[in-house]
There are 2 protein chains.
Amino acid sequence: MALPDPFPMKRGGALPGGRIAYETWGEPDARGGNAVLILTGLSPSAHAASHPRNPADGWWERMLGPGKPIDTNRWFVVCVNTLGSCKGSSGPASEQPDGSGAWRLDFPELSIEDCADAAAHVVRSLGIERLACVVGASMGGMVALALLGRHPGIARSHLNVCGAARALPFSIAIRSLQREAIRLDPNWNGGNYDDVTYPESGMRMARKLGVITYRSALEWDGRFGRLRLAPDRRDEEEPFAVEFEVESYLEGHAKRFVRHFDPNCYLYLSRSMDWFDLAETHAGGSRDDDTLAALSRIRVDKALAIGVSTDILFPLQQQQQIADGLRAGGSDARFVALDSPQGHDAFLVDFTRFDPAVRGFFDAL
Amino acid sequence: MALPDPFPMKRGGALPGGRIAYETWGEPDARGGNAVLILTGLSPSAHAASHPRNPADGWWERMLGPGKPIDTNRWFVVCVNTLGSCKGSSGPASEQPDGSGAWRLDFPELSIEDCADAAAHVVRSLGIERLACVVGASMGGMVALALLGRHPGIARSHLNVCGAARALPFSIAIRSLQREAIRLDPNWNGGNYDDVTYPESGMRMARKLGVITYRSALEWDGRFGRLRLAPDRRDEEEPFAVEFEVESYLEGHAKRFVRHFDPNCYLYLSRSMDWFDLAETHAGGSRDDDTLAALSRIRVDKALAIGVSTDILFPLQQQQQIADGLRAGGSDARFVALDSPQGHDAFLVDFTRFDPAVRGFFDAL
C-alpha cells in the first residue's frame, strides 16, 4: 500500500514514494468494528500467521487463526511490516523512487513515531474507523503507544506485549553495541555493501548479542547447562572454536538471521528504539512521572500489558508502568506478569503461558 | 617468583620458565598463621592496594590496608597476578625462555586449576604453612575453590566474593562473544599483533560487553536514564555516533582498557573460566548435586560467600551454592546477599555494603 507522497517524517524531511506491506486474516464485519492491528518486533515480516494465499507458518502462528487466542473467525486482523524494515515496506534497503538505487543511509532518519504514522495510514486506508484493538509486541509495543498517543481514538483497546514507553539505558547500551558490531565490520562500508561483500561478521555478532538478551540465564541453565558439542562437531584445529552447546545454539541462530535481514534496516530500526520516549514527545521529560503522565493522556476502554519476569531487555517494570499510566488516564488497564523462563522471547515461544493471557483478553473484548 | 620448571599444566604439557608476580602487605607473625591470599578477577594486577614501595592506589584500595576491612596491621596479605595474565606473571604476552619471542597462542592451554596451582606454589615458597584465609573475587573465586580442592589444608578459612563453582551458559555465551569480537578483528591476526597493528576494535567490543554485564540495569536507570551528550560532545557527521551518556560511559571504559590488557591473555583467561567446573574435576558431572558434592569435599573452618542481587554474570545462586556446599562438608559457612544496584562490579565500587561484610568476617577470624 502506498503512503501519502511525500510522507512527512518526525525528525525532519519526508519520504517520497513510500510503501507499507501488510497482510490480513478474517473478514471485516458490517460495521468494521472487529479490526485488530498487530505491530511487530524489530525483525518479523507482516506474515504473522499462515493463510490460504501464503500457507507458510507465520511468526505468531500459534497466536493467530481460527479458534486461536486472536480468533480470526471473529476478528479481522491486520499485520503491517514496520516502516524502515526490509520485508516489503520502504526502508534503507528499498529502491528510491528516482531510480538511483537503494536508499541505504540516505533514507530519512526513522523514529518509532514514523512507524506509528505509517501504520495509522494503513488502518485508515483499509476503511477502518476505529480498531477494536491494537496489539504491539516488543518494538511493536513502542509503536502501539506512539500510535495511540498521536492518533487519539484510533483503537478501543490495547494489548501491549513486552513493550515499553521509553528505552532504558541497559537496552540502549546493548543496541548501541549491536550497531557498533555492524558498523565496525569493514564490509559494512558506510552502508554500501552488496551480497558478495556483506557485513556478515558484524551481523552475526549483533544477532548473537540479541539472542543472549532475548532469552534468560535461567532457561539456559536448564536447557544447556555445561553440555559440550560432540567431538565430531568441533573444530579441533581452531583453539577458540565453539565447544559448548550454548555457543552452537547462538551460532545457529545467527546463521539463520544474518542474510535474512538487511544490516542498514537493522541499524535504523535499532536506533529508532533508543530514541523512543513517549514522555519526551508529549511532556518534554524522561522521568517516571513524565512517562506516567504521557501514558495517562492515552484513552482506550480496555488495556492489558503483559510482561515476563526474566525479560532483561524490556523488563517487567516497563509493562507495569504502561498499565499504571493507562489506568491513571481512566482506562480499564491491567498488568500481567508471566513467570516464564524464556525471557523477552517468551511471547514467541511460550504459548503455554501466553495463550491464556491473550485469549482471555480478546474473549472479554 | 619462579614456578617449578617445568610447571605441569592440567590440560596437558608443561610451562617452562614460568614466573608469578605478587605483592605483599603487613608482616607475617611469628607462627606465620596470619597470612591471607587474595586471588583476583580477570584483569587486575597483584597491586591490590598502595604500599610504601608503590604508593599508587590499588584495585581494592579501600578493602585492604591498616585499619581497613582486611587490616594489614593484623594480617600478612599476599596478592598474586594470575598465571596467564599480563601484569608480571607468565602468560601468552610474556617471553618464551628460549628467546623465540612472546608465547602468544603457543602458551599451553590454561585452566583455572593451573592458576590455583601457581598460587599454591607462591604460598609454599613464602614459607606459609597454612593460610589464615584465601580470598577470591569473581574469577578469583573460581581459582580459590580450585586451590582449596586441589591443596587440602592450604587455608583455614575462605572468603568467596561473587565467585562460582562452575561456569553457567549465560556467562559462557557472553564470554564466547567477547572472544569472538577479538578474534574477528583482522588485526588480531591469529594472535600475531603488535602495538601498531593491534586488535583495538575487537578489544573495545569485548570490554563494552564486559562492562554491560558487570553493572546492572537498575544502576544505569538511576545513573544515566535517557541523558544525552551535550551537542559539543557529539559527532554530527556520523549518523550512528554516540548520543546517550550510557554510550559515552561504555566508550570511556573501553578506551581505558583496550591498550592495558593483552588480547591473547584475555582470550586465555576468559576461556579458562568457561572450562571451570569444580564438579567436573572431582565428581565427573556438572549438575547441582555434583557441584554441591564437590564443594562438600573442601575442608575449611569458616567460610563466607558474598553475592550481589543484581549480578547477572556470577548470579547470587552461585554464591548460595558455594556456602551450601561448604556447609554440607562441615564448614561453618555463611552466605550473604548484598542488595547493591551495582551488579558484579559492586565488590570493586560499593564499599558501603562490602566493607561491613568483609570486615565482620575478618574481625571474627
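What counts, and where the lines are drawn
- Residues numbered from 1 in each chain as written.
- Chains lettered and ligands numbered in written order.
- Predicted model: local features only at pLDDT ≥ 70, side-chain atom pairs only at ≥ 80, totals over all residues.
- Heavy atoms only, no water.
- Least-squares fit on C-alpha atoms with pLDDT ≥ 70 in both.
- Contact = heavy atoms within 4.5 Å.
- Pairing = 2+ DSSP bridges.
- Helix = DSSP H or I, 4+ residues; strand = E, 2+ residues; numbered from the N terminus.
- Axes fitted to C-alpha atoms, helices over the stretch in contact; angles between N-to-C directions.
- Patch = residues over 30% accessible without salt bridge, like charges linked within 9 Å, V, L, I, M, F, W, Y side chains within 5 Å.
- Areas by Shrake-Rupley, 256 points an atom, 1.4 Å probe, with all protein chains shown as cover.
- Salt bridge = Lys/Arg side-chain N within 4 Å of Asp/Glu carboxyl O.
- Lys, Arg positive; Asp, Glu negative; His and termini not counted.
- Charge placed at Lys NZ, Arg CZ, Asp CG, Glu CD.
- Buried < 20%, exposed > 50% of the residue type's maximum accessible area, 1.4 Å probe, protein only.
- Buried area = accessible area lost by both parts, 1.4 Å probe.
- Polar contact = N/O pair within 3.5 Å; in protein donor to acceptor, adjacent residues only side chain to side chain.
- Nonpolar A, V, L, I, M, F, W, Y, C, P; charged D, E, K, R; others polar.
- Parallel < 35°, antiparallel > 145°, perpendicular 65-115°, else oblique.
- Left-handed = near helix turned anticlockwise from the far one by under 90°.
- Phe/Tyr/Trp six-rings, centres within 6.5 Å; stacked < 30°, edge-to-face > 60°.
- Lys NZ or Arg CZ within 6 Å of the ring centre and 35° of its normal.

A. The arrangement of the relation of the copies chain A and chain B in detail. Mapping chain A onto chain B is achieved by rotating through 180° and translating by 0.0 Å along the same axis, at an RMSD of 0.0 Å. The superposition of one copy onto the other is thereby described by a two-fold rotation axis. Of all interface residues in chain A, 100% are interface residues in chain B too; the two copies therefore contact each other through one and the same surface.

B. View of the sheet that holds strand 11 (residues 332–338) of chain B. Residues and elements named next belong to chain B. One open sheet accounts for seven strands, arranged 3-7-4-8-9-10-11; its pairing is mixed. This sheet does not close on itself; its edge strands, each paired only once, are strand 3 (22–25) and strand 11. Neighbouring strand axes in the sheet, compared pairwise and without regard to direction, differ in orientation by 15° on average. One ladder, built from four bridges, connects strand 8 (residues 133–137) with strand 9 (residues 157–161); its direction is parallel. Looking at strand 9, one finds that Val-134 is bridged to His-158. Along the sheet face, helix 2 (residues 139–150) touches strand 4 (35–39), strand 8 and strand 9 and points at about 145° away from the line of strand 8.

C. Geometry of a positive patch on the surface. Residue and element names in this part refer to chain A. Together, Arg-31, Arg-74, Arg-130 and Arg-156 make up a region of like positive charge exposed at the surface. In this structure, Arg-31 sits in the loop between strand 3 (22–25) and strand 4 (35–39). Taking relative accessible area as the criterion, Arg-31 reaches 82% and is therefore assigned exposed.

D. Expanded view of the interface of chain A and chain B. Residue-level contacts link 46 residues of chain A with 46 residues of chain B. For the pairing of chain A and chain B, the buried interface totals around 4300 Å² over both sides, and the portion due to carbon and sulfur atoms is 66%. When residues of chain A are sorted by the area they lose upon contact with chain B, Met-205, Arg-226 and Phe-240 of chain A head the list and together hold 20% of the total. On inspection of chain A and its partner chain B, the count reaches 13 salt bridges. In this structure, the salt-bridge partner of Glu-180 of chain A is Lys-208 of chain B, at a minimum N-O distance of 2.6 Å. Along the contact surface separating chain A from chain B lie 24 residue pairs in polar contact (both at pLDDT 80 or more). Only helix 3 (169–184), helix 4 (200–214), helix 5 (217–223), helix 6 (245–258) and helix 7 (263–275) of chain A provide two or more residues apiece to the side of chain A that touches chain B. A total of 12 residues in the side of chain A that touches chain B trace back to one element, the largest contributor, which is helix 3 of chain A. Its residues assigned to classes, the side of chain A that touches chain B shows 26 nonpolar, four polar and 16 charged.

E. Geometry of the pattern of salt bridges. A full pass over the atoms with the stated rule returns 53 salt bridges over all chains. Note that Asp-117 of chain B is salt-bridged to Arg-150 of chain B, the shortest N-O span being 2.8 Å. With Asp-117 of chain B in helix 1 (residues 112–125) and Arg-150 of chain B in helix 2, this residue pair connects regions lying 33 residues apart in the sequence. Glu-243 of chain B is the partner of Arg-228 of chain B in a salt bridge, and the nearest nitrogen-oxygen pair spans 3.1 Å. Taken together, the residues Arg-228 of chain B in the loop between helix 5 (217–223) and helix 6 (245–258) and Glu-243 of chain B in the loop between helix 5 and helix 6 connect sequence positions 15 residues apart. Among the residues examined, Glu-243 of chain B registers a relative accessible area of 10% and is labelled buried. Three or more residues joined by partner-sharing salt bridges are found here, namely Asp-277 and Glu-280 of chain A together with Arg-226, Arg-228, Arg-234 and Glu-243 of chain B.

F. The arrangement of the packing of helix 4 (residues 200–214) of chain B against helix 6 of chain B in detail. All names here are of chain B. Contact geometry of helix 4 with helix 6 gives a least axis separation of 8 Å together with a crossing angle of 125°. With respect to helix 6, the element helix 4 is oriented oblique. In the packing of helix 4 onto helix 6, the handedness of the crossing is right-handed. Residues Glu-200, Met-203, Arg-204, Arg-207, Lys-208, Val-211 and Ile-212 of helix 4 lie in contact with helix 6, whose contacting residues are Tyr-249, Leu-250, Glu-251, His-253, Ala-254, Phe-257 and Val-258. Considering only residue class, the contact of helix 4 with helix 6 consists of eight nonpolar, one polar and five charged.

G. Up close: the environment of Leu-159 of chain B. Secondary-structure assignment places Leu-159 of chain B in strand 9. In this structure the C-alpha to C-alpha distance between Leu-159 of chain B and Arg-287 of chain B, which are 128 residues apart in sequence, comes to 23 Å.

H. Molecular detail of the side chain of Asn-264 of chain A. Residues and elements named next belong to chain A. Locating Asn-264 in the fold gives a position in helix 7. At 2.9 Å, the side chain of Asn-264 forms a polar contact with the side chain of Trp-188. Leaving out residues up to four positions away in the same chain, Asn-264 has contacts with Pro-92, Arg-104, Leu-105, Trp-188, Gly-191 and Tyr-193.

I. Fine view of the packing of aromatic side chains. According to the stated counting rule, one finds 28 aromatic pairs over all chains in the structure shown. Measuring from ring centre to ring centre gives 5.7 Å for Trp-75 of chain A and Phe-362 of chain A, while their planes differ by 70°; the resulting arrangement is edge-to-face. Of this pair, Trp-75 of chain A sits in the loop between strand 6 (70–71) and strand 7 (76–80) while Phe-362 of chain A sits in helix 12 (residues 351–363), and the two are 287 residues apart along the sequence. Summarising the burial analysis for this pair, Trp-75 of chain A and Phe-362 of chain A share the class buried. Grouping aromatic residues by their ring pairs yields a cluster made of Trp-103, Phe-107 and Tyr-268 of chain A together with Phe-240 of chain B. It is Arg-271 of chain A that lies over the ring of Tyr-268 of chain A; its NZ or CZ is 5.1 Å from the centre.

J. Broad picture of the environment of Gln-319 of chain A. All names here are of chain A. Within the element layout of this structure, Gln-319 appears in helix 10 (residues 316–328). Using a relative accessible area of 0% as the deciding quantity, one classes Gln-319 as buried. Once the C-alpha coordinates of Gln-319 and Pro-341 are considered, the two residues, 22 residues apart in sequence, prove to be 17 Å apart. Setting aside residues up to four positions removed in sequence, Gln-319 forms contacts with Cys-162, Gly-163, Ala-305, Ile-306, Gly-307, Val-308, Phe-314 and Phe-335. In terms of polar contacts, Gln-319 uses its side chain to reach the backbone carbonyl oxygen of Gly-163, at 2.8 Å.

K. Up close: unusual backbone geometry. Here the residue pair Asp-5 of chain A and Pro-6 of chain A is connected by a cis peptide bond, since its omega of 0° sits within 30 degrees of zero. A positive phi angle is found at Arg-104 of chain B, which is not glycine, with a value near 50°. Judged by its relative accessible area of 25%, Arg-104 of chain B falls in the partly exposed class. Not every positive phi belongs to a glycine, and Ser-138 of chain B is a case in point at roughly 55°. Turning to its location among the elements, Ser-138 of chain B is positioned in the loop between strand 8 and helix 2.

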